[in-house]
Amino acid sequence: MIKIFNLFEKHVLEKLPQITFVSLTVVFLIISLFNIGLLADGTWIFINILTRPFSDISYRLFALILLTFPQVVSIKLGIINFNFLIILHAFWYYLVPLICLFITYKNIPRKYINLFDFVLLSYLICINFIGCFITSESFLCAGLFWIISIIFMFENFNDISYKKLFLILISAFLLIQNYQWSAVFALLFMSYLIIKIRELNFKKNTLHKIIKVLILFLILIMFFLTIRQNIVIYSQYKQMIIPDIIRFYTDQRFIQFIFIMLFISFILVSAFIKQTKFICILLKIVFIYTIFLLFKYNFLYSIAIYKVLNFAIPLIFLFILFYVYKRNILLNYKIIKILNLSLLIIFILNIFIITNKWNKELNTFSTYLTNTRGILLENETFLKTHYKLQEKYYHLNPYISIILQRQKGISELFSIAYLDHCFEYENPLFNIAISKETLPDLTKFNIIYSDELLKKIEQKEFIYKN
């Protein structure tokens, strides 16, 4: 047994970062083949890529540019195959935060490489709770946060390289019009940077040092702009943010979240201190109940409700990592590595289950579409009963009613869905079946609306599905 564990430690635990990067890239590629890119907000963002890229959420412009750039370039190059674009859309959305994690890994000094386990743990906790939510602007913020944090932590600004300075500059720039809570990250970085700039040695005012100081001040300005931009955004959208936080604490799966986080916390504590009998008993109880909850909910314990973790978890683990690094504390990293491996396996199970459930819902919806001629209006009760995966179930309509038909090779559309059960039903950004004028022009993708359908839209002749 000892020999087996030694082999496991050498070939699995010590190479866990590489295993994570490779396995998740493969997993993301596989699930992208099965319409996971159309989950939740992914549907209407995909349509906006086809019609008016980078314009659907202007206050998250930089995030959308980064997350949809390959898709937009492909369309500009003349690629109009829906199946390819949907696959690329999903794969790139998932891959970008993983690329951020890889950049963070490469910037940690080899002698401190074990500290990457905290970064990886932060990533895996977040991706387990919100990773299946395709619109991951907040998740991208967390990735950019770690890139900057790690460079700030390990680099002396008196001799920092231009490569790392420009990496910080690009990351800081991408935070400006991103997710509104990135202002929290920017405030932390700006405070830290002001302290570090004061520590610079100006005795040798070489040209290189002057250039570096100018870049640092430019980075400082980027953080200031991020705070200013997102405080304005918060003042405009606070009526949406506060209900999201309330919903986070009142969700029926919140107890499950608490037990999972307790389990993770107990394992972290056991890495810091010697395990007592009491801690071992608590750990076993929490572990057993956590496994019970996972199976009770078929590993489907989140879609998007825990997005707030993308800001809370990185901040918590940054302070832990900084404390361990500065105090040079010796830890039992094997425990943390095993925890990371467990979370990686759970996420892979979870995302495949979600992908399977999502495709079953799409097949149900697609079958009804192909047998319908007119405007499909489903009531709220039906949607909640038959489409349980969607946290914001109304995103099944109406964009996806177009996408699914074109995906099956249908060019002339005789049916389309209509929203009549959410606060956004009068907004043409969401409800494109309001009138003939709000329908997206997709003729270059070989999609046209039949005269029969256009007439029914104009006359509001609905087909009710109960």
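Residues numbered from 1 in each chain as written. Predicted model: local features only at pLDDT ≥ 70, side-chain atom pairs only at ≥ 80, totals over all residues. Heavy atoms only, no water.

Asker: Can you explain the side chain of lysine 212? Please cite residues and give values.
Answerer: Topologically, lysine 212 is positioned in helix α10 (residues 207-250). Here isoleucine 160 takes part through its backbone oxygen, which lies 2.5 Å from a polar atom of the side chain of lysine 212. For lysine 212, the contacting residues outside a window of four places in its chain are Asp159, Ile160, Tyr162 and Leu165. (Helix = DSSP H or I, 4+ residues; strand = E, 2+ residues; numbered from the N terminus. Polar contact = N/O pair within 3.5 Å; in protein donor to acceptor, adjacent residues only side chain to side chain. Contact = heavy atoms within 4.5 Å.)

Asker: Any chance you could break down the confidence of the model for the protein chain for me, citing the residues and the numbers?
Answerer: Mean pLDDT over the protein chain: 80, with 75% of residues reaching 70 or higher. Between the elements of the protein chain, mean pLDDT differs from a low of 51, seen in helix α15 (residues 380-386), to a high of 95, seen in helix α2 (residues 16-32). (pLDDT = per-residue confidence, 0-100.)

Asker: Please give an account of the packing of helix α14 (residues 333-370) against helix α16 (residues 399-407) that cites residues and values.
Answerer: Each packed pair of helices is defined by two parameters, the angle between the axes and the distance between the axes. The N-to-C vectors of α14 and α16 enclose an angle of 85°; their axes lie 10 Å apart at closest approach. In terms of orientation, α14 lies roughly perpendicular with respect to α16. Residues Trp358, Leu362, Phe365, Ser366 and Leu369 of α14 form the contact with α16, whose own contacting residues are Ile400, Ser401, Leu404 and Gln405. Looking at the contact of α14 with α16 residue by residue, the class counts come to six nonpolar, three polar and no charged. (Axes fitted to C-alpha atoms, helices over the stretch in contact; angles between N-to-C directions. Parallel < 35°, antiparallel > 145°, perpendicular 65-115°, else oblique. Nonpolar A, V, L, I, M, F, W, Y, C, P; charged D, E, K, R; others polar.)

Asker: I'd like to hear about the packing of aromatic side chains, residue by residue, with values.
Answerer: In this structure the tally under the stated criterion is 24 aromatic pairs. Measuring from ring centre to ring centre gives 6.3 Å for phenylalanine 21 and phenylalanine 116, while their planes differ by 45°; the resulting arrangement is tilted. With phenylalanine 21 in helix α2 and phenylalanine 116 in helix α6 (residues 116-130), this pair connects stretches of sequence that are 95 residues apart. Judged by its relative accessible area of 1%, phenylalanine 116 is buried. On the basis of an interplanar angle of 65° and a centroid distance of 5.6 Å, the ring pair of phenylalanine 152 and phenylalanine 157 is categorised as edge-to-face. Each member of the pair, phenylalanine 152 as well as phenylalanine 157, is classed as buried. We note arginine 110 situated over the ring of tyrosine 105; from NZ or CZ to the ring centre the distance is 5.0 Å. If you follow lysine 212 out to its NZ or CZ, it ends over the ring of tyrosine 162, 5.5 Å from the centre. (Phe/Tyr/Trp six-rings, centres within 6.5 Å; stacked < 30°, edge-to-face > 60°. Buried < 20%, exposed > 50% of the residue type's maximum accessible area, 1.4 Å probe, protein only. Lys NZ or Arg CZ within 6 Å of the ring centre and 35° of its normal.)

Asker: Tell me about the environment of lysine 460, and please be specific about residues and values.
Answerer: Here lysine 460 is to be found in the loop between α17 (451-459) and β5 (462-465). The sequence separation of lysine 460 and alanine 433 amounts to 27 residues, and the corresponding C-alpha distance is 9.5 Å. Excluding its chain neighbours within four sequence positions, the residues that come into contact with lysine 460 are Tyr418 and Ile434.

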